[in-house]
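# A closer look at the structure
Each chain, written out:
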Amino acid sequence: MLSFTSGLDPDSGAFAIFVTEKYEYKDKKNILSNDAVKKINSFLSVLKEKKEKEDINFIDISDRQKCFIIKVKNKYESYFPQENGGTFFSYIKKFKDINKVDLYLDSLGFDKDKLVSFFSEFVFGFNLKSYTFNKYKTLNKNKIDTKINLKIITSNKEKIKERYKYYDSIKEGVFLTRDLVSEPPNVLTPKAYVYEIKKLSKLGLKIKAYDEKEMRKLGLNALLGVGQGSVNETYLVTIEWNGKKNSKQNPLAFVGKGVCFDTGGISIKPARFMEEMKYDMAGSAVVVGLLKSFALRKAKVNAVGVVGLVENMPGGNAQRPGDIVKSYSGKTIEVLNTDAEGRLVLADALTFTEKKYKPKFIIDLATLTGAIIVSLGEEYAGLFSNNDELSKNIFKAGENVNEKVWRLPLHKNYDKLIDSKIADVQNINYVGGAGSVTAAQFLQRFIKDKTPWAHLDIAGMAFSKKAANLNPGGATGFGVRLLNDLVKENYE
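Attention in this report is confined to the structure presented alongside it. Remember, predicted model here, so these are calculated numbers, not experimental data.

Moving on, we get to the layout of surface pockets. What the second largest pocket holds in volume is close to 720 Å³. In terms of lining residues, the second largest pocket is bounded by 30 residues, among which Met 277, Thr 369, Gly 370, Ile 373 and Ala 459 are the most central. A breakdown of the residues in the lining of the second largest pocket according to their chemical character gives 10 nonpolar, 10 polar and 10 charged.

Before going further, it helps to spend a moment on the packing of helix α9 (residues 282-296) against helix α14 (residues 480-490). Look at α9 against α14: their axes get within 9 Å of each other, and the N-to-C directions meet at 45°. By the angle class used here, α9 and α14 are oblique. In this structure, α9 meets α14 at a crossing whose hand is right-handed. Here Val 286, Gly 289, Leu 290, Ser 293 and Phe 294 of α9 lie close against α14, whose contacting residues are Val 480, Leu 483, Asn 484 and Val 487. Of the residues contributing to the contact of α9 with α14, the split by class is six nonpolar, three polar and no charged.

For the rest of this paragraph, the subject is the pairing of strand β11 (residues 332-335). Here strand β10 (residues 323-326) runs beside β11; their pairing, made up of four bridges, is antiparallel. When the bridges of β11 are listed, Ile 324 appears paired with Glu 334. The loop that links β10 with its antiparallel partner β11 comprises five residues; one of these, Gly 330, has a positive phi angle of about 100°. Bridge count between β11 and strand β15 (residues 425-426): two bridges; the pairing is parallel. By the bridge assignment, Glu 334 is partnered in β15 with Gln 426.

Next up on the list: the nonpolar core. Among soluble globular proteins, nonpolar side chains are generally buried collectively. Residues Phe 88 and Phe 254 are the most contacted members of the largest nonpolar core, which totals 99 residues. Excluding anything up to four places from it in sequence, Phe 254 contacts Val 287, Leu 290, Phe 294, Ala 303, Val 304, Gly 305, Val 306, Phe 361, Ile 363, Leu 483 and Val 487. The next biggest cluster of nonpolar side chains, apart from the first, holds 44 residues, and it includes Leu 236, Val 306, Leu 346 and Leu 376.

Next up on the list: the sheet that holds β15. Spatially, the three strands line up as an open sheet ordered β10-β11-β15, and their pairing is mixed. Of all strands in the sheet, those bounded by a partner on one side alone are β10 and β15.

To find the voids left in a structure, one rolls a probe of water-molecule size over its atoms. Applying the stated criterion across every chain, the model contains two cavities of 30 Å³ or more. In terms of residue class, the lining of the largest cavity is built from four nonpolar, six polar and one charged. Forming the boundary of the second largest cavity are Thr 177, Val 181, Ala 282, Val 286, Ile 458, Ala 462, Ala 475, Thr 476, Gly 477 and Phe 478. Within the residue set of the lining of the second largest cavity, elements represented by two or more residues are α5 (157-182) and α9. Counted by class, the lining of the second largest cavity contains seven nonpolar, three polar and no charged residues.

Leaving glycine out, the prevailing phi sign among residues is negative, and the prevailing peptide bond configuration is trans. Positive phi outside glycine occurs at Asn 402, with the angle close to 65°. Here Asn 402 lies in the loop between α12 (388-401) and β14 (405-407).

Further remarks concern α12. In a regular helix each residue adds 1.5 Å, so 14 residues correspond to 20 Å; α12 covers 20 Å between its end C-alpha atoms and thus fits that length. Within α12, the full set of buried residues consists of Leu 390, Ser 391, Asn 393, Ile 394, Ala 397, Gly 398, Asn 400 and Val 401. Here α12 starts with a cap whose side-chain oxygen sits 3.2 Å from the backbone nitrogen of Glu 389, and that cap is Asn 387. With its phi angle positive at about 65°, Asn 402 sits one or two positions after the end of α12.

Take the packing of aromatic side chains next. Under the defined criterion, the tally for this structure stands at 31 aromatic pairs. Ring centres of Phe 88 and Phe 126 lie 6.0 Å apart, and the angle between their planes is 45°; this geometry places the pair in the tilted category. Here Phe 126 lies in helix α3 (residues 112-129) and Phe 88 lies in helix α2 (residues 80-92), a separation of 38 residues in the sequence. Judged by centre distance (5.5 Å) and plane angle (75°), the rings of Tyr 210 and Phe 352 are edge-to-face. Here Tyr 210, found in strand β6 (residues 206-210), pairs with Phe 352, found in helix α10 (residues 342-357); they are 142 residues apart in sequence, far enough to count as distant. Positioned over the ring face of Phe 110 is Lys 114, at 4.3 Å from the centre of the ring. It is Lys 465 that lies over the ring of Phe 273; its NZ or CZ is 4.2 Å from the centre.

Time to look at the side chain of Asn 337. With respect to the element layout, Asn 337 can be found in the loop between β11 and α10. Each residue touching Asn 337, except ones within four places of it in the same chain, is listed here: Ser 267, Asn 427, Ile 428 and Tyr 430.

On to the environment of Asn 337, then. For Asn 337, a relative accessible area of 16% gives the class buried. It is 6.0 Å that separates the C-alpha atoms of Asn 337 and Ser 267, two residues lying 70 residues apart in sequence. A distance of 3.4 Å separates polar atoms of two side chains, one belonging to Asn 337 and the other to Ser 267.

Cut-offs applied
Residues numbered from 1 in each chain as written. Predicted model: local features only at pLDDT ≥ 70, side-chain atom pairs only at ≥ 80, totals over all residues. Heavy atoms only, no water. 1 Å grid on protein atoms, 1.4 Å probe; cavity = no way out; pocket = protein on both sides within 12 Å on 5 of 7 lines; lining within 4 Å. Points joined across faces, edges and corners; volume = space filled by probe spheres on them. Nonpolar A, V, L, I, M, F, W, Y, C, P; charged D, E, K, R; others polar. Axes fitted to C-alpha atoms, helices over the stretch in contact; angles between N-to-C directions. Helix = DSSP H or I, 4+ residues; strand = E, 2+ residues; numbered from the N terminus. Parallel < 35°, antiparallel > 145°, perpendicular 65-115°, else oblique. Left-handed = near helix turned anticlockwise from the far one by under 90°. Contact = heavy atoms within 4.5 Å. Pairing = 2+ DSSP bridges. Core = buried A, V, L, I, M, F, W, Y, C linked by side-chain atoms within 4.5 Å. Buried < 20%, exposed > 50% of the residue type's maximum accessible area, 1.4 Å probe, protein only. Expected span 1.5 Å × (residues − 1). Polar contact = N/O pair within 3.5 Å; in protein donor to acceptor, adjacent residues only side chain to side chain. Phe/Tyr/Trp six-rings, centres within 6.5 Å; stacked < 30°, edge-to-face > 60°. Lys NZ or Arg CZ within 6 Å of the ring centre and 35° of its normal.

This is a description of form; function is not addressed.
Structure (structure tokens):
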């Protein structure tokens, strides 16, 4: 919730004003004291003379109060207000004794609509950056969980409050995604994951979880094969949002890989950094967070999320390299490497989604290949698609919110690299090269009815060991803001 105040709190240890590139600001209602105005104006003159390039500076108004000065560009990218808010959070965290800041919004001389838009996003970015995952900390927990509270001074209280409801729903989706990805694998088993998803039914989402018995009856053998070495049961979960109840519009479909822990199976991974494989369910977490955001903001769209939840373990009953499984589509898959399991999960989930829902489009998300990190690092997600318009819309949405994607090719010539000699397709390219492309090429074979489809390989984006503009390091929630913007701008 946003907190508002009519004036500066004399007990507040800090307040912030916003200035233009020329270091100009407004104080029409005389919120600032004469002493504060003198000190601020003098400091701004120094900054102007020095041609200070930093966007944020501060001055001591007294020995008990600081004034932060936030510079706003005349022309800025659409995502600048959010990242400006995130930068401000990082800046004030350096001051250990500050836990409350008064934000004087009206000091920036924007017109009303621009002001409301800018500051709704500024606070959104501030809050995104403030995320922590400390539920398992037991020592010094009070110190760790110290929050910075914002009190907002503005004459546009109601408009900002109303506008921020939208951004708060997106924040809740991002935070849920980050929470899910951050959970340890002994806690977030597939069954526990189902329980967490079912909690969202109170928001109006229709949720159905298919257990192993139901999936076996349906023929989801590619998904089931991945989990057969684990004592934890495998699930397929559907999450439906009907924001256009009287519409016959086909839903928008989002599919996520939910490998709650990935040892690699019999094709076991190296021990070093294997603990990071709890993040292999990040694609599914994005889908769950996105659907929560749709429900919270009452998105005027019909949408469905489908997630395959499984654990890939090297048990006595585990799938072996060389096994052949018959997928839900009817195609047979030769499993040459059990560590290429995410594509098996998605193969069944994609065909199931297409057949059951006949969606307008399908977008899948997965931490699918290490090769995409080699290609794009932690700057872009890999985008693969059979549809130019959908690709263009996703790319544009990525630019809007600065969750960037880069389109990579699909081509029939890559098919020969995954053609099996004894089955319809093999799950890995043993010739070498084009690891992300051949993985996407594999997935494309399970889109049977030419539905517009896009695959986002988020292996480099779902988790970061370093902090970024809007996340403090760790689980990023990448994809929720991207896909929300895609839907909002093109399909509502």
